[in-house]
Amino acid sequence: MYEERMARLRERMAETGTDLVVVGPSSHLVWLAGMSPHGDERPVLLIVAKDHAGFLMPALNADSQRPFTKLPFYPWADADGPQAALSQLLADCDVKGGNVSIALDETMRADFALLALDALPGAKRSFLNDTVSFLRGQKDEAEYALLKMNAVLNDGAMRAGFAALREGVTELEVAQAIRDFYAANGAKPEFTSVCFGENGAFPHHHTGDRKLKANEAVLIDIGGRKDGYPSDMTRVGVFGDKPEGFDEVHGVLERAVQAAIAAARPGVAAKEVDKAARDVITAAGYGPNFLHRTGHGLGIDIHEQPYITGTSETVLVDGNVFSIEPGIYLQGRFGLRLEEIVILRGNRAEVLSDLPREAFLVKA
């Protein structure tokens, strides 16, 4: 699998005119080489050129990382520093400064990036958006299977969260019920955002000691991780009677989700998916209450390419996985958001979750 991904990367480098790709310890490296070296201040770099690739590797870590790759190591000791080993690696890659086009891992440490740039004075530099990130955005069948499995598991975690609602329970206690479900099913929680009443109007609310009262809206946004891949989903409900305006807002969001799903297909610019959701919300009079982008990519990372924003010219392709999550936030009252993860397969967007978007109705 990793040899195939390296081959695809080299094809993409040729298409984009990229001479050198430099990757640090990151999700990019996990995807490309299946490795996650010990992350400290000692520079670790995978450098990929047209006809050569190798690791700048601290000698301290070389033995532990050797079983994970057949690529050559260029080890360096603390007493010597990494410069000589890096120079040899670049020489074997047959690259020099000047007109070299280098794509840097935007997530790695700045001192690692500067080490590479200092070794290639005058190089034209960019990030991995058009190379590794672009390829990561096109999920293969194995990745699809893992994301689907995690989505279905997350359905159960969401049910467990709403099943924990009772008068006086805190947001933190509901979050714990969700984490317990993950643990019982071999997954780890990535995040558990539980929002009661007016707290739902904060898109990034931090779950706290707020106690649940009768006749309040509840928003739950959760994600877990199993076998290396995550989930992400938002659902809403009511404890007791629905607050005024709940059904109207929920209905608008459902139409917005449906519009975005219908718009999402290969060959469409990401901004058109955002527009499809936003137009529904704006037409209903809630445009100023939709405070964020419509979605983000999902893969090894919970947020990765493609990003579904109002300005993104990114053209969606088969295999893209991303969220569709329009929200309407009414300060001092409640906030609602409906979130699905979809994958583009064939000529349509397939929803990964099996959980309906109807509001959870819990008796007080």
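This text follows the structure it describes.
All values derive from a computational prediction rather than experimental measurement.

Rules of the game
- Residues numbered from 1 in each chain as written.
- Predicted model: local features only at pLDDT ≥ 70, side-chain atom pairs only at ≥ 80, totals over all residues.
- Heavy atoms only, no water.
- Pairing = 2+ DSSP bridges.
- Helix = DSSP H or I, 4+ residues; strand = E, 2+ residues; numbered from the N terminus.
- Axes fitted to C-alpha atoms, helices over the stretch in contact; angles between N-to-C directions.
- Contact = heavy atoms within 4.5 Å.
- Buried < 20%, exposed > 50% of the residue type's maximum accessible area, 1.4 Å probe, protein only.
- Parallel < 35°, antiparallel > 145°, perpendicular 65-115°, else oblique.
- Left-handed = near helix turned anticlockwise from the far one by under 90°.
- Nonpolar A, V, L, I, M, F, W, Y, C, P; charged D, E, K, R; others polar.
- Salt bridge = Lys/Arg side-chain N within 4 Å of Asp/Glu carboxyl O.

**Q** Just give me the short version of the sheet that holds strand S3 (residues 53–58), but keep the residues and values in it.
**A** The mixed open sheet is built from six strands, whose spatial order is S4-S3-S2-S1-S5-S6. In this open sheet, the two edge strands, each paired with only one partner strand, are strand S4 (73–76) and strand S6 (124–127). Averaged over all neighbouring strand pairs, the angle between strand axes comes to 20°, with direction disregarded. Two elements, S3 and S4, share four bridges in a ladder whose sense is parallel. Bridge assignment links Pro58 to a residue of S4, and that residue is Trp76. Those strands touched by helix H4 (residues 83–93) are strand S1 (20–23), strand S2 (45–48), S3 and S4, and its axis lies near 160° from that of S4. Sheet contacts for helix H5 (residues 110–118): S1, S2, S3, strand S5 (101–104) and S6; angle to S5, the most-contacted strand, approximately 170°.

**Q** How would you sum up the environment of Met108? Please name residues and give values.
**A** Tracing the sequence through the fold places Met108 in the loop between S5 and H5. The class of Met108 is buried, set by a relative accessible area of 10%. The spatial distance from the C-alpha of Met108 to the C-alpha of Val321 is 24 Å, given a sequence separation of 213 residues. Once residues lying within four places of it in the same chain are set aside, the contact partners of Met108 are Val22, Val23, Gly24, Leu45 and Ala113.

**Q** Please provide a residue-by-residue account of the packing of helix H9 (residues 246–263) against helix H10 (residues 270–283), values included.
**A** With their axes 8 Å apart at the nearest point, H9 and H10 run at an angle of 155° to one another. Looking at the two axes, H9 sits roughly antiparallel to H10. Judged by the twist between their axes, the crossing of H9 over H10 is right-handed. Each of Val252, Leu253, Arg255, Ala256, Ala259, Ala260 and Ala263 in H9 lies in contact with H10, whose residues at this interface are Glu272, Val273, Ala276, Ala277, Val280 and Ile281. The residue inventory of the contact of H9 with H10, partitioned by class, reads 11 nonpolar, no polar and two charged.

**Q** Describe the pattern of salt bridges, and please don't skip the residues or the numbers.
**A** Per the stated rule, a full pass over the model turns up 24 salt bridges. Put simply, Arg5 and Asp140 hold a salt bridge, and the shortest N to O gap is 3.4 Å. On the criterion of sequence distance, the pair formed by Arg5 in helix H1 (residues 2–16) and Asp140 in the loop between helix H6 (132–136) and helix H7 (141–163) is long-range, its members being 135 residues apart. On the accessibility criterion, Arg5 (4% relative accessible area) is buried. The class of Asp140 is partly exposed, set by a relative accessible area of 26%. Here Lys271 and Glu313 are joined by a salt bridge, their closest N and O atoms 2.8 Å apart. Residue Lys271 is found in helix H10, and its partner Glu313 is found in the loop between strand S12 (304–308) and strand S13 (321–324); the two are separated by 42 residues along the sequence. By relative accessible area, which is 53% here, Glu313 ends up exposed. Several salt bridges converge on common partners, so that one network encompasses Arg136, Lys139, Asp301 and Glu304.

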